[in-house]
Amino acid sequence: MPSTVLDQPPVTSRQAWWVFVLLFLLYMFDYIDRLIIVSLFPFLKADWGLTDTQCGLLVSAVYWSILIFSFPSSLLVDRWSRKKSIGLMGLVWSLATLACGFARSFGQLFTARALIGVGEAGYAPGGTAMISAFFSEKSRARILGCWNASIPLGSALGMVIGGFVAERFGWRQAFGLVAAPGMILALLFFWVRDYRTVDLVRIVKRGDETARIKMKRLDAVREFSRNPTLIFNNLAFAANVLVTTSLLTWLPTYLSREYGLPMSQAGLKGGLVMMTAVIGAPLGGHLADRWLARRPEARLLFPALSSLAAGLLLFMAFGLLRGPSQYMVLLVSGGAAVAFVPAAVAVTQDVVHPGLRATSLSLNVIIQHLLGSSLGPIFVGAISDAQGLNTALLYLPAFCLLAAGLFFAGSFFYVGDATRARAAELSF
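Presented here is an overview of the structure given in this document.

Here is what the cut-offs are and how they apply
Residues numbered from 1 in each chain as written. Predicted model: local features only at pLDDT ≥ 70, side-chain atom pairs only at ≥ 80, totals over all residues. Heavy atoms only, no water. Helix = DSSP H or I, 4+ residues; strand = E, 2+ residues; numbered from the N terminus. Buried < 20%, exposed > 50% of the residue type's maximum accessible area, 1.4 Å probe, protein only. Contact = heavy atoms within 4.5 Å. Areas by Shrake-Rupley, 256 points an atom, 1.4 Å probe, with all protein chains shown as cover. Expected span 1.5 Å × (residues − 1). Phe/Tyr/Trp six-rings, centres within 6.5 Å; stacked < 30°, edge-to-face > 60°. Patch = residues over 30% accessible without salt bridge, like charges linked within 9 Å, V, L, I, M, F, W, Y side chains within 5 Å. Salt bridge = Lys/Arg side-chain N within 4 Å of Asp/Glu carboxyl O. Core = buried A, V, L, I, M, F, W, Y, C linked by side-chain atoms within 4.5 Å. 1 Å grid on protein atoms, 1.4 Å probe; cavity = no way out; pocket = protein on both sides within 12 Å on 5 of 7 lines; lining within 4 Å. Points joined across faces, edges and corners; volume = space filled by probe spheres on them. Nonpolar A, V, L, I, M, F, W, Y, C, P; charged D, E, K, R; others polar. Axes fitted to C-alpha atoms, helices over the stretch in contact; angles between N-to-C directions. Parallel < 35°, antiparallel > 145°, perpendicular 65-115°, else oblique. Left-handed = near helix turned anticlockwise from the far one by under 90°.

Focus on the overall build of the protein
Then comes step 1: A tally of helices and strands in the protein yields 21 helices and two strands.
Then comes step 2: When the 428 residues of the protein are sorted by exposure, 59% land in the buried category.
Then comes step 3: Counting only contacts in the protein whose residues sit at least 6 apart along the sequence, the fraction spanning at least 24 positions is 81%.
Then comes step 4: When the accessible area of the protein is evaluated, it comes to approximately 16,500 Å², of which 67% is carbon and sulfur surface.

Set out below in structure tokens:
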């Protein structure tokens, strides 16, 4: 049953799930708009003569903007309004997607793609903060897992829609087709329930009594800089996101080149790999929450194990196999590669003050994009130009193994950091 923290009155189940549905659909179109470009690479290369590195830049442009604007956007979410911030951001990224269809050069398309990132910068922090407030802590990873299933679903739809529409009507029409639904959903979000902005106070014990002391700016900084759980969690997240973003960007192109498939078919097969993540994300959250009942640090131990599994599967796929067996392993790896997400996102909410939850995920987003999403497409594209795409993709399992080690290291600090974060309250 959805609930707030401690003894605050809960929102109704109907209100909580309505917010969840809108958040899910908006996140799905977030990733449709973000990833539709990857199935358009062959058409852009044919029209404008782009290199693989330039194609990678069109993906990285979104993540660079998210990297720059995520922190100020999250402050707006935490200190102003969740629903208004999310509604405005949805409108911005949808209009920017529409603008991509009118680009007449690489520079114009790059700029429009960067504007998509401006709109998307605070969405994940805002959505995560709302879900964390509307649903109980014990089910947090499971609900976040269901929400994050919209990422592979949207990514897969973007791949499929892009190639299908481009082959029949032209690549420009693909952008317009996916922009309109995002605008409608963004407008609907202005009328959902929100929680009150949380006062930034610390709970301090003085003998048998407790006192509420207003947090200073330095106290807020210490919530993150002196939180080893967050540090290890965020670095591990970045390593895994480098892998998933690289797969989202280059898998359709890889399948097209390796097996001579038309881009619509390659996009469909690549999309199906990502669709297995629709199972992997909720399942990962469910298993992490089940394990949490027995091991309090399970939300870091489970991502460690799933990251290790993903690395081994990807090494088998790109290093040892070809043909149908390779594709079967890729299908399994698609689910394993995102199984870490729900628990790792829940950690960003578990170990910080409730008034800084959006800011906490924003810090995670900054780190994952700085060290992961923004580098992955270019990293693979540059190695592909020099050594071939298969060789480039064979580097990815090493980053999964790095993530596994970082998650495991963070598990030693989780209990202490989570205990310190549970004293503050939310109200509606």
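Notes on helix α20 (residues 396–410)
Then comes step 1: With 15 residues, α20 ought to run about 21 Å at 1.5 Å a step, and its terminal C-alpha atoms sit 22 Å apart, in line with that.
Then comes step 2: Restricting attention to buried positions, one finds in α20 the residues Leu-396, Pro-397, Cys-400, Ala-403, Ala-404, Leu-406, Phe-407 and Gly-410.
Then comes step 3: Buried positions along α20 lie against α11 (228–259), α14 (298–319), α16 (341–350), α18 (376–387), α19 (389–393) and α21 (414–420).

Points about the packing of aromatic side chains
Then comes step 1: Evaluation of the coordinates by the stated rule reveals 21 aromatic pairs.
Then comes step 2: With a centroid separation of 5.4 Å and an interplanar angle of 80°, the aromatic rings of Trp-48 and Trp-171 are classed as edge-to-face. Pair noted here: Trp-48 is in helix α2 (residues 41–48) and Trp-171 is in helix α9 (residues 171–188), with a separation of 123 residues, a long-range link.
Then comes step 3: Seen from their ring centres, Trp-171 and Phe-175 are 6.2 Å apart, and the 90° between their planes marks the pair as edge-to-face.

As for a nonpolar patch on the surface
Then comes step 1: Where nonpolar side chains cluster on the molecular surface, the patch consists of Ile-231, Leu-235, Leu-370 and Leu-371 and spans about 320 Å² of accessible area.
Then comes step 2: Looking at the nonpolar patch, the elements with two or more residues in it are α11 and α17 (357–373).
Then comes step 3: With respect to the helices and strands, the residue Leu-371 is situated in helix α17.
Then comes step 4: Residue classification places Leu-371 among the partly exposed residues on the basis of a relative accessible area of 41%.

Here we look at the nonpolar core
One broad trend across soluble globular proteins is that nonpolar side chains are buried collectively.
Then comes step 1: Leu-23, Ile-37, Trp-147 and Phe-189 are the most contacted members of the largest nonpolar core, which totals 120 residues.
Then comes step 2: Beyond its immediate sequence surroundings of up to four residues, Phe-189 is in contact with Val-19, Leu-22, Leu-23, Leu-26, Lys-83, Ile-86, Gly-87 and Met-130.

Digging into empty space enclosed by the protein
Then comes step 1: Under the criterion given, the structure shown has two cavities of 30 Å³ or more.
Then comes step 2: Approximately 390 Å³ is the volume attributed to the largest cavity.
Then comes step 3: Taken together, 31 residues make up the lining of the largest cavity; nearest its centre are Tyr-27, Tyr-31, Ile-151, Phe-237 and Gln-368.
Then comes step 4: For the lining of the largest cavity, the element with the most residues is α17, which contributes six residues.
Then comes step 5: When its residues are assigned to classes, the lining of the largest cavity shows 20 nonpolar, eight polar and three charged.
Then comes step 6: Roughly 40 Å³ of volume is contained in the second largest cavity.
Then comes step 7: Around the second largest cavity sit Thr-244, Leu-247, Met-274, Gly-334, Ala-337 and Val-338, which together line it.

Thoughts on the side chain of Ser-73
Then comes step 1: Relative to the assigned elements, Ser-73 resides in helix α3 (residues 52–79).
Then comes step 2: Of the residues examined, Ser-73 reaches a relative accessible area of 14% and is grouped as buried.
Then comes step 3: Not counting the four nearest positions on each side in its chain, Ser-73 is found in contact with Met-89, Ala-121 and Gly-122.

Here we look at the packing of helix α1 (residues 13–35) against helix α4 (residues 82–100)
Then comes step 1: Between α1 and α4, the shortest axis-to-axis distance is 10 Å and the interhelical angle comes to 30°. Our classification of the angle between α1 and α4 gives roughly parallel. The crossing of α1 and α4 is left-handed. Contacts from Leu-23, Leu-26, Phe-29, Asp-30 and Asp-33 in α1 reach Ile-86, Trp-93, Ser-94 and Thr-97 in α4.
Then comes step 2: Residue composition of the contact of α1 with α4, by class: five nonpolar, two polar and two charged.

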